[in-house]
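# Coordinates in review
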Amino acid sequence: MLDATAGVVAAAYGLGPVLGPFVPLSYRSSRTWTLTARKGRFLVKHVPAEGWRDDFARAMRFEEKALAAGISMARPVAPVATAPAFGCAVEVDGIGLLRVYEWVDGRPLDDADEVSAWLGSTLARLHRIEPSGRPEAAPEWYRLDDREQWDGWLREGERLRKPWAPVLRDGLTGILDSAAWVSRTFREAGDYVVTHRDIEPWNVLMTDAGPVLIDWDVAGPDSARLEAAQATLSFTTRAGLPDPAVVRRTVEAYVDGGGMPFSGADVMVRRVGLRLGRLAERLRMSLGRQELGPHEVAQVEARAAAQITDMPDFVARVRLFGSML
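We now turn to the structure provided with this report. (Residues numbered from 1 in each chain as written. Predicted model: local features only at pLDDT ≥ 70, side-chain atom pairs only at ≥ 80, totals over all residues. Heavy atoms only, no water.)

Another point: the environment of Arg-107. Relative to the helices and strands, Arg-107 resides in strand β7 (residues 107-108). For the pair Arg-107 and Trp-202, spaced 95 residues apart in sequence, the C-alpha to C-alpha distance is 10.0 Å. With residues up to four places along the chain from it excluded, the contact list for Arg-107 reads Asp-113, Val-204, Leu-205 and Met-206. A polar contact is formed between the side chain of Arg-107 and the side chain of Asp-113, at a distance of 2.8 Å. (Helix = DSSP H or I, 4+ residues; strand = E, 2+ residues; numbered from the N terminus. Contact = heavy atoms within 4.5 Å. Polar contact = N/O pair within 3.5 Å; in protein donor to acceptor, adjacent residues only side chain to side chain.)

Laid out in structure tokens, this is it:
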């Protein structure tokens, strides 16, 4: 099946004759493969966007703008004119939507990599591309303060005797308080832009020419400062705490590039929102409302219970981190 798919993809993207089979690369939120053809080596990625095609189309349009703005990023390959395409994606029978990128010869980041100047300047440049994001199209993690939704998950979890249900009942008030904090801070932020929305160390490859930002599938509206604060914390944490010198260099590069200064506990709410968003996904997976992907249901449920239990301490740590910015 995959060998035949390799030929279909190569033809759709004009890559020339295939010189080898699809080689599985990873499967986290999406499946990826490597493909070697006459025109070189490529990354092929499945995008499970069946329920959010409009958002995915918007992400692809922003990706094109980011490339034109000179962001250091993986270069997408456009399908040939005769291919049945959806934006830069091609529909392949038996798999779904596929993207193709030129291969990036890089490695994952490690703590020894000094990327503070790159990170700050890249965030600032991204936030200038489309400073008109619509807050109503913001990610789910900013809109999880609906008590009825959490009560529904709890009732169904108790009915099905899910292992996370007792701890959710005990921790629900704290979760709703945290979700309200996240939602309120985002509503008051005002600095809405269209941006990458997943700037994390695992989405950066280090190459001989410097860092390269990958994985643009969820690009869309967000708050500039909330994204910048989250990314700064993610990239500057050493031994469990932010490195003040690296934080300072990142923020200076962001402000020098035109970004607005940020500080304080409230700018870190995006980190709490992301945790709540992942928890919501795991509850839906456990209840059969969302596909498991590569995960096992027992693993998903155990992780959900652990996240609920840890939520008060997690929020306290985030507030502490915010005070260090």
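Moving on from the coordinates now.
Let's shift gears to the nonpolar core. Counting residues in each nonpolar core, the largest one holds 68 residues, and the members touching the most others are Trp-150, Trp-164, Leu-168 and Leu-276. Considering each element in turn, this core owes the most residues, 10 residues, to helix α5 (residues 165-189). Here Trp-150 is in contact with Leu-144, Leu-168, Leu-172, Ile-175, Leu-176, Leu-276, Leu-279 and Leu-283, once residues within four sequence places are set aside. Core analysis: the next-biggest nonpolar cluster, separate from the first, contains 18 residues, Val-9, Tyr-13, Phe-22 and Trp-33 among them. (Core = buried A, V, L, I, M, F, W, Y, C linked by side-chain atoms within 4.5 Å. Buried < 20%, exposed > 50% of the residue type's maximum accessible area, 1.4 Å probe, protein only.)

Let's shift gears to the pattern of salt bridges. When the charged atoms of two side chains with opposite charge come close together, those side chains can pair. In total, this model carries 20 salt bridges according to the counting rule given. Here Asp-215 ties to Lys-45 by a salt bridge, and the two come within 2.5 Å at their closest N and O atoms. Of this pair, Asp-215 sits in the loop between β10 (210-213) and β11 (220-223) while Lys-45 is found in strand β3 (residues 40-46), placing the two residues 170 residues apart along the sequence. By relative accessible area, which is 9% here, Lys-45 ends up buried. Overlapping salt bridges, with partners in common, bring together Lys-45, Asp-215 and Asp-217 in one network. (Salt bridge = Lys/Arg side-chain N within 4 Å of Asp/Glu carboxyl O.)

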